[in-house]
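Chain by chain, the residues run as shown.
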Amino acid sequence: MSDDKKKIYKPKVISGFPEWLPAERMVEQKWFDHIRSVFESYGYCSIETPSVEELDVISAKGEVDKEIYVLERLHKDDEDKSEARLALHFDQTVPLARYVAQHFNELIFPFKRYQMQRVWRGERPQMGRMREFYQCDIDVINVDHLPIHFDAEVAAIIYEVLDGIVGFAKPQLRISNRKILMGLLESIGIEDPVPVTRIIDKLEKIGKQDVAKLLESEGVTSNDAEQILTLVSSRPTTGSGEILDPSTALGMTPKNDQMQEGIEELSFVLDQLSHLPEGAVVADLSIVRGLDYYTGTVYETQLLDVPEFTGSVCSGGRYDDLAGSYINKHLPGVGISIGFSRLFDVMRQTHPDKLGIGRSSPADILMVLPNEEQREAASATARTLRERGYKVEMYHAPQKLKKQLAYAERKGIPYVWFPPFEDGQEHEVKDMANGEQASADPSAWVAG
RNA sequence: GCGGUCGUAGCUCAGUAGGUAGAGCACCUGGUUGUGGUCCAGGCUGUCGCGGGUUCAAAUCCCGUCGAUCGCCCCA
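The shown structure was predicted, so the numbers you read here are calculated from the model rather than taken from an experiment. (Residues numbered from 1 in each chain as written. Chains lettered and ligands numbered in written order. Predicted model: local features only at pLDDT ≥ 70, side-chain atom pairs only at ≥ 80, totals over all residues. Heavy atoms only, no water.)

Caption draft 1: Seen up close, the packing of aromatic side chains. On inspection of all chains with the given rule, the structure shows 15 aromatic pairs. For the pair tryptophan 31 and phenylalanine 344, a centre-to-centre distance of 5.2 Å together with 90 degrees between the ring planes defines the contact as edge-to-face. In this pair, tryptophan 31 sits in helix 1 (residues 22–41) while phenylalanine 344 sits in helix 12 (residues 340–350), placing the two residues 313 residues apart along the sequence. Here tryptophan 31 falls in the buried class, since its relative accessible area comes to 4%. Cluster of aromatic residues (ring-pair linked, three or more members): Trp20, Trp31, Phe32, Tyr134, Phe340 and Phe344. (Phe/Tyr/Trp six-rings, centres within 6.5 Å; stacked < 30°, edge-to-face > 60°. Helix = DSSP H or I, 4+ residues; strand = E, 2+ residues; numbered from the N terminus. Buried < 20%, exposed > 50% of the residue type's maximum accessible area, 1.4 Å probe, protein only.)

Caption draft 2: Up close: the pairing of strand 16 (residues 437–440). The pairing of strand 15 (residues 427–431) with strand 16 spans 4 bridges and is classified as antiparallel. By the bridge assignment, lysine 430 is partnered in strand 16 with glutamine 437. Linking strand 15 back to strand 16 in an antiparallel pair, the connection comprises 5 residues, with glycine 435 at a positive phi of about 80 degrees. (Pairing = 2+ DSSP bridges.)

Caption draft 3: Focus on the environment of glycine 262. As for its position among the elements, glycine 262 is in helix 11 (residues 257–272). You can call glycine 262 buried: its relative accessible area is 0%. For the pair glycine 262 and isoleucine 180, spaced 82 residues apart in sequence, the C-alpha separation works out to 4.9 Å.

Caption draft 4: Region of interest: the packing of helix 1 against helix 4 (residues 149–166). Relative orientation of the contacting elements helix 1 and helix 4 amounts to 150 degrees, with a least axis distance of 10 Å. As the angle between them shows, helix 1 and helix 4 are arranged roughly antiparallel. Here helix 1 and helix 4 pass one another in a crossing that is right-handed. Only Ile157, Ile158, Glu160, Val161, Gly164, Ile165 and Val166 of helix 4 make contact with helix 1, whose side of the interface consists of Trp31, His34, Ile35, Val38 and Phe39. The residue inventory of the contact of helix 1 with helix 4, partitioned by class, reads 9 nonpolar, 2 polar and 1 charged. (Axes fitted to C-alpha atoms, helices over the stretch in contact; angles between N-to-C directions. Parallel < 35°, antiparallel > 145°, perpendicular 65-115°, else oblique. Left-handed = near helix turned anticlockwise from the far one by under 90°. Contact = heavy atoms within 4.5 Å. Nonpolar A, V, L, I, M, F, W, Y, C, P; charged D, E, K, R; others polar.)

See the structure below:
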């Protein structure tokens, strides 16, 4: 082996593909644990689908202006057309649709599942926007008809999840129902709602006046634009048992059945969520969710105490027919997706102190290795403590105690255990937080 | 995909009449004998993003290129 010219590739992170140090990863893992436990406490089961789907599956819905990564072999044979083109999924809804269609006869409906996986989107990274990131989706799918109360259940679950991990940032779910706005747009004769909804989506960012201008440039009359703005600016509330009054809360009476239906559904969902704390859930008619497949309830979520980031950290809604492209069944569903990596990244950048990042080891105890002669005894002590449920790391070499203590300090291990340095001596434990050290029995000691 | 800004040690950066590099933090060692976080002393670390040009000479000027970052688009 020649030692004069060793080729070194300078390590670099790839933009938009985040990776964390152990201390941050530990917090991330805690978040996953919490999310999983809340999801499961409502009886939702876990599934995982492959990272790739056939490109045709992903683009079955049309709308493929999302940047999709494709996967192919470097040495693929150009002549070989037998392999379908594979694409990394950009969300978990499309894979879910395929999965449900695939296993339709084996699944039990209503099918309630959660899914925590990475997704990929070829976009330009920014704060809270990555090219590879985790989403935690929770959805319910049923055959033919899905009761509206699930629209409230998934929202309640999501609030519980967020309250547990970022409660201090005041998460707020904003809920609307697309039927209300779509009903209005239909009544004023707008055929293609997509451009209009895109403009409305910008309301919070650019304000009423600019939205009105953009609407008029789309051919909406100023009178109609005003009606639209009146509607989407309204923030109706409802208490327990109270039904949302259209004429006062929305500033107008329903123009058609669709609008009326939307109002009733939204009222019901809000009513079902009235047990949540003040401000946890609000109605916000400006939530329209762009061009997605949503047909009824729609959700977005904001962190009220994080003014640096105004985007949504979890979004979702109800769709009439999830898997119509893959199976000849009518499968309505409702679900929400937590933008896990976005949430983590935003909180990491804006409130690092609140996340509890610090420890670089999951260990509760560092077992000191006094000398080689005591290695087996120290190892036995560690085993005893592990059997009692403690996470114990053995120090690897009989180095100076100064080094062993400094190691525990740097890794954030809260206790250092000193086994006997000679046979017959006592065990001692040091509490690194306050420096106190006392004798202890491995089979009886309890962490303070 | 479009526009703005920026690229010097692991990190944050300094370094213009052009003369082949510095600070702080971090890291390592020591301050003797079985104990961390402070302090003191010492030490390690760079193809100055990459390529070309001007020049006796370029981190410093010019061109190109790549990368990063912010905004737009879009969205978790």
